[in-house]
Structure formats: C-alpha cells, structure tokens
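Listed below, chain by chain, are the residues.
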Amino acid sequence: MDSIIKFEKDIINSLSIGIIVASQQGKIIFINKAIREMTGYKRTEIKTMDDWYKKACPDPEYRKKVKDYFQYDSADNTSDRTYKIITAAGDHKYFNFRYSKLENEKMLFEIIDISHRIAQKRELENQKLIFENLFTNSLEGIVLLDQNLKVLNANKKFEEIFEVSKPDILNKNINKVAVPNIDANVLKQAQEKFKHNQEWEREISYTVNNKIKYCNVHVFAVENKKHGELIYVALDNITENKKREFELKEVKERLELAVEGANIGVWDWNVEEEYIHFNKSWAQMLGYEYSNLGNDLDTWLKLVHPDDRDQALKDIRVHLNGQSEEYFNEHRLKTKNGNWKWIRDIGKVTDRDEKGNAVRIVGIHIDIDQEKRAAEEIEYLSNHDELTGLYNRRYFNEELKRLHNSRQYPISIIIGDMNKLKDINDTYGHSMGDRYIKRAAEAIKRTVRTEDVVARIGGDEFAVILPETDYSKADDVAERILARIEEGNKIEDLPVPLTIALGYETTDCTNQNHSIKNIKRCYNKADQRMYEQKFADRC
C-alpha cells in the first residue's frame, strides 16, 4: 500500500497543471508542486481556501466577486472559470479553474496557467492590430477568417497543430480544414456569435489525421484596413495537458479500484470535531455492517486488544504532536464473531491549525492477520522441537547466553538421556521410539514450573534450566521426574519400561564477568553426571 500511495503522489506532482484538493469546510488537504511553482506560495501559507483567496485576491471587492462566482458555479454545475490572481512575487496571472467533486464532499481544483494567452488576447483586443512577428511566432495557432469563415491567413503553429500547409488551406472553409468534434447546433450558434462581434471561447477536440487533439479556442472580431472586419481565431494546443488529465483520472480510478480490491479500510478523523468516518471495507474487514459503526474514536478503541491499546494510543499521540512523520501501529481488533484479527494501521496528519495542533488525520487499515500468524508460526517452529513441542537446542543455547546478565541465581541445570532408545527403534520401529520420546518430554514438562526452560537438545537428550533453584531443589525436581516416569510405566502400555538417566548441577555465581563460564561449567558438569548415572545403571 505504501508503494501505491507514493506512486500516486509522484504522478500528481509531475503534472504541469496545478492540483488543489479541499474539504467542504474549505480546508486544503493537498497542493501539488505545480501550484507552488505557478504562484510562489508555500504550503504553509495556504492551509485553507480562505488563505488562498486572501493571498491570490488581496482586493476585498474582487475577492468577494470571486467567491460569489464560485458559489454560483457550484450551484449551476459550471465546471470551470478564469480568474486573475496575484502571485507571491506580486505579479498578475490568469488561471483557468476547473472544479469537480470527489467522495466525502471534497473538491478537486485543476488549475491551468493561461496568462500568456490572456495577455495575447488583451493586446489584440486593445490595439486591433495583427503584429506580423506575433502572428508568425505565436505559441498558439492563429487563423484569420473572413465573414464567410474562409481562411485568409494561418501561422506556423496552426499548420503544426492541424498538420496542414498554408497554401493548401487558403480560401477554404475553416470547418473543412480543422474538423471540430462538436454538435452542429452548438457550432452554428458559435458562428453566429462571432459574426456579430461577440467573443466566443471554448475547449474543442479536433480530429487530425485520425488523431484527437484538444485546443482552447478563443474567437473574436478584429478590424483590418484591407479586408474590413475579420474573424480572429486563437487555438491553444492543450493536447498534452488533456493527456495528463486523463492520466490523473486513470490514476484516481486505479487507486480507488486498488483500495476496493485490496480490501483496504480507510478512516478519516476530524480531531477538532471528534468525528471519524470509516469506509465500508473498514467495517467489512471485521465482519461488521457499515451501519453498525459509530463515528467516534471509541468505535475503534473498544475493538483494540487490551494488550495493544496503550502502545497504539502512544503512537497516535506521538504523531499528533508532530514527533513522527506518520502514525504506524500493528494491533489486534475484535471481529464481530469475537475473534482477534491483526491489523496494520497507518495514518498521517493532513491539516494543522496555526498553533500546529492536528486538525485532521487520514489513514488506512490493512488486514495482516494471515501474515502475522504465519510469522508467529515460523517463530514458534524456529524455537521449538516439532515432535515434542518443547524448546529446541537453538533456544536452549540462547537462554544460556541470556542468563549471564540475569539476577536469577542460583541456577540449576538438569540433563537427561533416555535409555535404550536405539534398541527400541530397531526392535519396534521409529513410531514406537517417537512415542517414548513424547512420554519422556511430557513427564519432564509436567514436573517443572512454567518459568523453567525445558528443551529437547538431541534425539534422546533433554535439558532443563531451573532459575532461582539451588542444588537441593534441583535434586527434588530430578526425583519427581523419575517418579512421574515410573508412575507412567504402570499405566502406559509400552513394550518395555521407559527409563532415563539424569544429571544435574547448580551455579550460584553473581559475578557477571564469570557467569557464562560458570553456566557452561554447570552444563558440562550436569552432562557428566548424567553419563555417570547412565553407566552406573548399566553395571
């Protein structure tokens, strides 16, 4: 999921169009790199739409007009409008704003800097002259038409956009040269407007040699001494921008599908209003109906496992206080059927007030239950003997190392070795031999305390670590083990009685510089005594 989120941000930040995402309350949730480059304003300067209006529209009357236009456009479902704004450097720029609504009543603003086109239009409107240099070298395609819409002149950019040669298109109807993908009635209405000196502006797609190209088209009338009143058409090729828009839309759709398909729970916490929105996947992940969930922190907190709750809350507080880049915690949540499910919880503060207090934090829940349980199973198998369920030699050796800094002295070690296991395997088969091994393991484990470490360290060898146990108590433990085995022999149907040789030793060293040495000596001495016992039993 982290890679998906980073991919989306990289795509959006690479776009040349400006992107702003704002909440219904006017809080700005996201601003991409293009906005900062276009305006010069830092993210910290425009945390809300009110901040934006104050910076971009410092004149109160114009600011009110802009806000009124936005309200009107929202009510009228008008999707775009052009505004004049002031940059951080004090320059005037013209931005084309396009609005669209996202889920959770968020608003997406897609902003294109059209200052260069507006400047050209104003210059032409004011002077009513066509400067040859501007006409020839303009970054926009320009074509001059007579009142019958026949081409009188076209610049190089127009030829480039529509892949035509000027000599081939002169005196031809513009609609045959540049074929617009537009309703015939709309086209007719537009033509009537600019024939009567009314400006007309619109985004139009054209079919050019079986390719689709997009242009912002601006049409108005100009006076010319030679030809009289002409129709001036400026076409800004926005095909690349449209491709980026489509890419952005595709990324958004893919992300939504990924979130839905990956069964990712999403939560959105308004800290100030103490309100949390959970999506349907969040509820379904735990077996609940969406309608069963509340919209406060307790909805989540009551489901957190008691052993995990304190750390989860601590990690949230650390992030809310700005001491971590993101909130990250893995904890268990109670499902509707009463089971516990492991969840990876990731979140990030998206808005802070002027004092730095967190206002909003958004995050995701990822089901890692199978992953976590698999890891626990691997951890268990790496430390336990598969046949008996006791600890294995690896874990036993790690415990010996750990005890060198321990304060659990005296420490006793018991070493046990089963008698005649090879003969049993050879005579009755390894299945019977395994049965003897399990019997011995069970007898030892049932005799010692829960805090004692019981391990199978070889095929027929066992070892027990007894913390805080002196030699006398170790002797008692060994006697109880032998007695339990003897008692089992009376009731267990075995071909021959189970017997085991035991040896034990105790170290009471409290000097950390020598504890490992003494623990090793203790182990070796217990092992030696076990073999002495084994040899004595054979005699």
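Details of the structure are given in the entry above.
What you are looking at is a predicted structure, and each value in this text was computed from that prediction instead of being measured. Residue positions are given per chain, counting from 1 as you read along its sequence in written order. Whole-chain, interface and lining totals are the exception, using all residues; otherwise, since this is a predicted model, local features are given only for residues with pLDDT of at least 70 and side-chain atom pairs are given and counted only at 80 or more. Working from all heavy atoms in the structure, the side-chain values ignore hydrogens and water.

On to the overall build of the protein, then. In this description a helix means any DSSP run of H or I spanning at least four residues, a strand means any run of E spanning at least two, and both kinds are numbered starting from the N terminus. If you tally the helices and strands in the protein, you get 20 helices and 19 strands. Burial analysis of the protein (539 residues in total) assigns 45% to the buried set. For the protein, long-range pairs separated by at least 24 residues make up 51% of all intrachain contacts whose partners lie at least 6 apart in sequence. Working note: accessible area of the protein is about 30,000 Å², and carbon and sulfur atoms make up 47% of it. The buried label goes to any residue with under 20% of its type's maximum accessible area, the exposed label to any with over 50%, and the partly exposed label to all in between, with areas taken from a 1.4 Å probe on protein chains only. Throughout, a contact is declared for two residues whenever any of their heavy atoms are within 4.5 Å. Areas reported as accessible are Shrake-Rupley estimates using a 1.4 Å probe. Residue values count occlusion only from the protein chains shown.

Buried Ala, Val, Leu, Ile, Met, Phe, Trp, Tyr and Cys residues form a nonpolar core when they are joined through side-chain atoms within 4.5 Å. M418 and F462 are the most contacted members of the largest nonpolar core, which has 27 residues in total. If you list the elements that add at least two residues to this core, you get strand 16 (411–418), helix 17 (421–428), helix 18 (430–447), strand 18 (461–466), helix 19 (471–491) and strand 19 (500–507). Contacts of M418, omitting those with residues within four sequence positions, involve Y436, I437, A440, D460, F462, L498, T499, I500 and K534. If you look at the next biggest cluster of nonpolar residues, it comprises 25 residues, including V143, Y206, C215 and L235.

Right, let's get into the sheet that holds strand 12 (residues 275–278). Sheet architecture is open: 5 strands sit in the order 12-11-15-14-13, paired in antiparallel fashion. Each of the sheet's edge strands pairs with one partner strand only, and the pair in question is strand 12 and strand 13 (327–334). For this sheet, the mean angle separating the axes of adjacent strands, direction not counted, is 25°. Strands in contact with helix 14 (residues 306–320) are strand 11 (265–270), strand 13, strand 14 (340–352) and strand 15 (358–367); relative to strand 13, the strand with the most contacts, it is inclined by about 150°. Contacts between helix 15 (residues 369–383) and the sheet are confined to strand 13, strand 14 and strand 15, with strand 14 contributing the most and set at about 125° to the helix. By definition, two strands form a pair when at least two bridges between them are found by DSSP. For helices, the fitted axis covers only the stretch in contact; all axes are lines through C-alpha atoms, and the angles between them, taken along N-to-C directions, range from 0 to 180 degrees.

Bringing the sheet that holds strand 19 into the picture now. Pairing is antiparallel across the open sheet formed by 4 strands, whose spatial order is 17-18-16-19. The open sheet is flanked by strand 17 (453–456) and strand 19, the only strands paired with a single partner. Taking the axes of each pair of neighbouring strands and ignoring which way they run, one obtains an average angle of 15° across the sheet. Strand direction decides the pairing type here: strand 16 and strand 19, joined by 8 bridges, are antiparallel. Considered in strand 19, the bridge of I411 is made with T507. With respect to the sheet, helix 18 is in contact with strand 16, strand 17, strand 18 and strand 19, its orientation differing from that of strand 18 by roughly 10°.

Along the chain, N241 falls in helix 11 (residues 239–261). Relative accessible area serves as the criterion here: at 15%, N241 is assigned to the buried category. Excluding its chain neighbours within four sequence positions, the residues that come into contact with N241 are S16, I17 and I112.

The distinction between a cavity and a pocket rests on a 1 Å grid over the protein atoms alone: a 1.4 Å probe fits inside a cavity but cannot get out, while a pocket stays open yet meets protein on both sides within 12 Å along at least five of seven lines, and a residue with an atom within 4 Å of a point counts as lining. Grid points are joined across faces, edges and corners, and a volume is the space filled by probe spheres set on the points. All told, the structure shown has 5 cavities of 30 Å³ or more when counted by the stated rule. A volume near 200 Å³ is recorded for the largest cavity. If you go around the largest cavity, you meet 17 residues; those closest to its centre are I174, N175, L187, Y206 and V233. Sorting the residues of the lining of the largest cavity by element identifies helix 9 (174–177), helix 10 (184–195), strand 8 (200–208), strand 9 (211–224) and strand 10 (228–237) as the ones contributing at least two each. Per-element accounting of the lining of the largest cavity gives the leading share, 4 residues, to helix 10.

In this section: unusual backbone geometry. Residues Y409 and P410 are joined by a peptide bond in cis, for which omega reads 0°. Turning to its location among the elements, P410 is positioned in the loop between helix 16 (393–402) and strand 16. One non-glycine residue, E163, adopts positive backbone phi at about 55°. Among the structural elements, E163 can be located in the loop between helix 7 (156–162) and helix 8 (166–169). Although it is not a glycine, E274 adopts a positive phi angle of roughly 55°. Within the secondary structure layout, E274 lies in the loop between strand 11 and strand 12. Among the residues examined, E274 registers a relative accessible area of 60% and is labelled exposed.

Once that is clear, we can look at helix 4 (residues 60–76). Helical periodicity: at 3.6 residues per turn, an α-helix aligns residues three or four positions apart in one direction. One less than the number of residues in a helix, times 1.5 Å, gives the span that helix is expected to have. Between its terminal C-alpha atoms helix 4 stretches 24 Å, which fits the 24 Å expected from 17 residues at 1.5 Å a residue. Among the residues of helix 4, those classed as buried are R63, V66, F70 and D73. Along the axis of helix 4, the buried positions cluster into a sector of 90°, meaning they face one direction only. The exposed residues of helix 4 that point more than 90 degrees off its buried face are P60, E61, K64, Q71 and A75. If you follow the buried residues of helix 4, they end up packed against helix 3 (49–56), strand 3 (80–86), strand 4 (92–101) and strand 5 (107–113). In the segment just after helix 4, N77 is the residue with positive phi, at about 60°. Throughout, the arc means that of the directions going from the helix axis to the C-beta atoms.

Let's shift gears to the packing of aromatic side chains. We call Phe, Tyr and Trp rings a pair once their centres come within 6.5 Å, taking the six-membered ring for Trp, and we label the pair stacked below 30 degrees between planes, edge-to-face above 60, and tilted otherwise. Scanning all chains against the criterion turns up 14 aromatic pairs. Both rings, one in F158 and one in F162, keep their centres 4.7 Å apart while their planes meet at 40°; by these two values the pair is tilted. Of the two residues, F158 and F162 are both situated in helix 7; the distance of 4 residues between them amounts to about one turn of the helix. Aromatic pair F162 and Y206: ring centres 5.0 Å apart, planes at 90°, arrangement edge-to-face. Remark: Y206 occurs in strand 8 and F162 occurs in helix 7; sequence separation between them is 44 residues. With respect to burial, F162 and Y206 carry one shared label: buried. These aromatic residues form a ring-pair network of at least three members: W52, Y83 and F97. The ring of Y214 carries K242 above its face, with NZ or CZ at 5.4 Å from the centroid. In our convention, an over-ring charge means Lys NZ or Arg CZ found within 6 Å of a ring centre and within 35 degrees of that ring's normal.

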